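What follows is the residue order along each chain.
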Amino acid sequence: ATLSTAERFTDVGGFSQTGSMSVARTDHRAVLLSNGFVLLTGGISYGTTSNTNHASCEVYNHVTGSWVSTQPMPTSRRSHAMTALADGRILIAGGYDNSGQTATCLIYDPKPVALENSFSVATTNPRAIELQVDTIVAPASTNLITLPSHGSLSGTAPNLTYTAALGYVGSD
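Computed from a prediction, not measured in an experiment: that's the story for all the values here.

A.B. asks: Now, about unusual backbone geometry: what can you tell me, with residues and values included?
C.D. replies: Here the phi dihedral of D27 falls at roughly 65 degrees; this positive angle occurs in a residue that is not glycine. Inspection of the secondary structure puts D27 in the loop between β2 (14-18) and β3 (29-32). A positive phi angle, close to 55 degrees, is found at S79, a residue other than glycine. On the secondary structure map, S79 appears in the loop between β8 (66-70) and β9 (81-84).

A.B. asks: Outline the side chain of H54, listing residues and values.
C.D. replies: With respect to the helices and strands, H54 occurs in the loop between β6 (51-53) and β7 (57-61). Only 2.6 Å separates the side chain of H54 from the side chain of S45, close enough to count as a polar contact. Leave out the neighbours within four places in its chain, and H54 touches V23, A24, R25, G42, G43, I44, S45, M73, S76 and R77.

A.B. asks: Account for the confidence of the model for the chain, with residues named and values stated.
C.D. replies: Fine structural detail should not be taken from predicted coordinates in areas where pLDDT scores are low. In the predicted model, the chain carries a mean pLDDT of 78, and the fraction of residues at 70 or more is 70%. Below pLDDT 50 for its whole length, residues 133-142 participates in 20 contacts with residues either more than four positions away or in separate chains.

A.B. asks: I'd love a proper account of the pattern of salt bridges, names of residues and values included.
C.D. replies: Counting across every chain of the model gives three salt bridges. Among the ionic pairs, R25 bridges to E58, the shortest N-O distance being 2.9 Å. One end of the pair, R25, is in the loop between β2 and β3; the other, E58, is in strand β7, and 33 residues separate them in sequence. In terms of burial, R25 and E58 fall into one category: buried. Where D27 meets R78, a salt bridge forms, and the shortest distance between an N and an O atom there is 3.9 Å. Linking D27 in the loop between β2 and β3 with R78 in the loop between β8 and β9, this pair joins segments that are 51 residues apart in sequence. Since its relative accessible area comes to 26%, D27 is described here as partly exposed.

A.B. asks: Talk me through the sheet that holds β9; I want residue IDs and the actual numbers.
C.D. replies: Here we have three strands laid out as an open sheet, ordered β9-β10-β13, and antiparallel in their pairing. Strands with a single pairing partner mark the edges of an open sheet, and in this sheet they are β9 and β13 (105-108). Averaged over all adjacent pairs, the angle separating strand axes in this sheet is 15 degrees, with direction ignored. Note: β9 against strand β10 (residues 90-93), four bridges, orientation antiparallel. Looking across to β10, one finds that A81 is bridged to A93.

A.B. asks: Kindly report on the environment of A93, identifying the contributing residues and their values.
C.D. replies: Mapped onto the fold, A93 is located in strand β10. Expressed as a C-alpha distance, the spacing of A93 and A81, which sit 12 residues apart in the sequence, is 5.2 Å. Apart from residues no more than four positions distant in its own chain, A93 is found in contact with R77, H80, A81, T104 and C105.

A.B. asks: Run through the side chain of S45, naming residues and quoting values.
C.D. replies: With respect to the helices, strands and loops of the structure, S45 is situated in strand β5 (residues 44-46). In terms of polar contacts, S45 uses its side chain to reach the backbone carbonyl oxygen of A24, at 2.3 Å. Once residues lying within four places of it in the same chain are set aside, the contact partners of S45 are T2, V23, A24, R25, S50, N51, T52 and H54.

What counts and what doesn't
- For every chain, the first residue of the written sequence is number 1, and numbering continues from 1 along that sequence.
- Reporting of local features is limited, given that this is a predicted model, to residues whose pLDDT is at least 70; pairs of side-chain atoms are given and counted only at 80 or more, and all residues count toward the totals for whole chains, interfaces and linings.
- For side-chain calculations, the full set of non-hydrogen atoms in the structure is used, while hydrogens and water are omitted.
- Helix numbering and strand numbering both begin at the N terminus, where a helix is a DSSP run of H or I of at least 4 residues and a strand a DSSP run of E of at least 2.
- Side-chain atoms alone can form a polar contact between residues adjacent in sequence; in general such a contact is a pair of N or O atoms within 3.5 Å, and within protein one must be able to donate a hydrogen while the other accepts it.
- By definition in these notes, contact holds between two residues if any of their heavy atoms fall within 4.5 Å.
- For every residue, the pLDDT score states the predictor's confidence, bounded by 0 at the bottom and 100 at the top.
- Put simply, a salt bridge is a Lys or Arg side-chain nitrogen that is within 4 Å of an Asp or Glu carboxyl oxygen.
- The classification of residues rests on relative accessible area computed with a 1.4 Å probe and restricted to protein chains. Under 20% of the type maximum is buried, over 50% is exposed, and intermediate values are partly exposed.
- When DSSP finds at least two bridges between two strands, those strands are taken to pair.
- The axes used here are C-alpha line fits, helices contributing only the stretch in contact, and every angle between their N-to-C directions lies in the interval 0 to 180 degrees.

Below is the structure:
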């Protein structure tokens, strides 16, 4: 049987039920990340009429006891090897994809990546800015590289308010 349920082991209480994965799977792999979260990759679901190989990945948050989907692998993979590297990245190697055995390797980097964003303000009134990170693998931190040249920021990240300089028009 293919299951989506999960259990965790604690030294004190033994095994206990925790949050379920979003996809029922077997033949998947899991590895402990440097932040204590667990990355789970690939696998296969056995159905009554067909089987489904998975490219999907999930991260287990040990604090909340829940699974969150994260960026999938480029192709499905099951029965693969997976190990954490010294720098925190994850090596995923071999296994089976939809075409059979594969000798390909992947590197998964759990660090959040900031994307360039911009917005326009047509007023000198304060404007709230919400900073977001597109990953749940690691607790997000914010770091402003440069401050605005023609306005100011107030508040504490990620809850910042931008106030444009009076009469200024243009990028900041």
